[in-house]
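Letter by letter, the chains look like this.
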Amino acid sequence: MRSRVRSYLRLLRKMPSNSQDALALQALAASNSQDAVALQALSALPGGYLPWTGPAMHPAAVATIVNSVVLNHHRAIVECGSGVSTVVLARAVRQEGGHIYTIEEDAEWGAHVSAWLDRDGTADAVTIIHAPFEGRAGDGWYRRAALVDIPAEIDLLVVDGPAALAPGRALVRYPALPYFNEKLTPGATVVLDDISRPGEQQILARWRSEFGREFEVRPLSDIAISRGGAPYDV
Ligand SMILES: C[S@@+](CC[C@H](N)C(=O)[O-])C[C@H]1O[C@@H](n2cnc3c(N)ncnc32)[C@H](O)[C@@H]1O
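These numbers come from a predicted model, not from an experiment.

(A) Local environment of helix α5 (residues 107-120). For α5, built from 14 residues, the straight-helix expectation of 20 Å at 1.5 Å per residue is met to within 8% by its first-to-last C-alpha distance of 20 Å. Where α5 is concerned, the buried positions are G110, V113, W116, L117 and D120. Down the axis of α5, the smallest arc covering the buried residues is 120°, so these residues share one side. Seen from the open side of α5, the exposed residues pointing more than 90 degrees away from its buried face are A107, E108, A111, A115 and D118. As for α5, its buried residues are in contact with α4 (84-96), β2 (99-104) and β3 (126-130). Positive backbone phi, approximately 75°, marks G121, located one or two places after α5.

(B) Fine view of the sheet that holds strand β9 (residues 223-226). Spatial ordering of the open sheet is given by β3-β2-β1-β6-β7-β9-β8, a layout of seven strands whose pairing is mixed. Of all strands in the sheet, those bounded by a partner on one side alone are β3 and β8 (216-218). When strand polarity is set aside, the average angle formed by the axes of neighbouring strands in this sheet is 15°. Judged from the four bridges that link them, strand β1 (residues 76-80) and strand β6 (residues 154-159) form a sheet pairing that is parallel. Pairing of I77 across the sheet is with L156, part of β6. Taken strand by strand, helix α3 (residues 59-72) contacts β6, β7 (184-193) and β9, and its axis lies near 170° from that of β7. Along the sheet, α5 makes contact with β2 and β3, crossing β3 at roughly 170°.

(C) Region of the structure containing the site of the ligand. Neighbouring residues of the ligand: 16 residues in total, closest A56, M57, G81, G83 and S85. Split by residue class, the shell around the ligand holds six nonpolar, six polar and four charged.

What counts as what
Residues numbered from 1 in each chain as written. Predicted model: local features only at pLDDT ≥ 70, side-chain atom pairs only at ≥ 80, totals over all residues. Helix = DSSP H or I, 4+ residues; strand = E, 2+ residues; numbered from the N terminus. Expected span 1.5 Å × (residues − 1). Buried ≥ 20, exposed ≤ 12 C-beta atoms within 10 Å, placed from the backbone. Arc of directions from axis to C-beta. Contact = placed C-beta atoms within 7 Å. Pairing = 2+ DSSP bridges. Axes fitted to C-alpha atoms, helices over the stretch in contact; angles between N-to-C directions. Near = placed C-beta within 6 Å. Nonpolar A, V, L, I, M, F, W, Y, C, P; charged D, E, K, R; others polar.

As structure tokens, this is what we get:
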């Protein structure tokens, strides 16, 4: 969330100084109000307190994903990078049905997520796959051998990992679509988080040209979303 705000501010710095503050405040107010509405909507999915820290997806992004689960009946869900998003999605899956396969490189972080799922009573809805980062920073990804049990038909792919902030890791999320593309159902939705970052923008450009998928960028939620053949807008 903080990186998105920084990116707005970078953009705004290029504008005449007297309009900067007003526009920065407008951008922040717009994104904050989307998140406030999203948090209110998500509170209908009960559970315990969640630490909505910097690396977590925006509430508005998570609400968009939950909307797609509810409206487009996504049942087989794969997430790269677990956390608050996993726990909220599990609450939606408890209501709607389905299963989440969340891929996590950091076993200690995975244990936190597992404890929150246990507390919520949603652990049955989620398989946490511990897949350490493998390869060099520039072209590495999750250990593929850990992913073989993910089923062949995926309705929703959420890409918010591996962690991409370390030097050389800017394009580290690119392999997600090449790896899972063959497994996506015709109506599948694909979401890429952190789209305000240059690395994610490069990844999106490559995914668009290499896979012919259309993506819509939603700056206030910091995501790009491809709705495949899913019937309902989210
Ligand atoms: C962008 S985060 C994934 C966030 C997750 N999708 C969510 O919305 O909460 C990518 C990786 O960073 C690590 N991570 C997540 N939250 C973290 C935190 N609060 N502090 C440090 N690392 C974190 C985990 O290894 C995670 O897979």
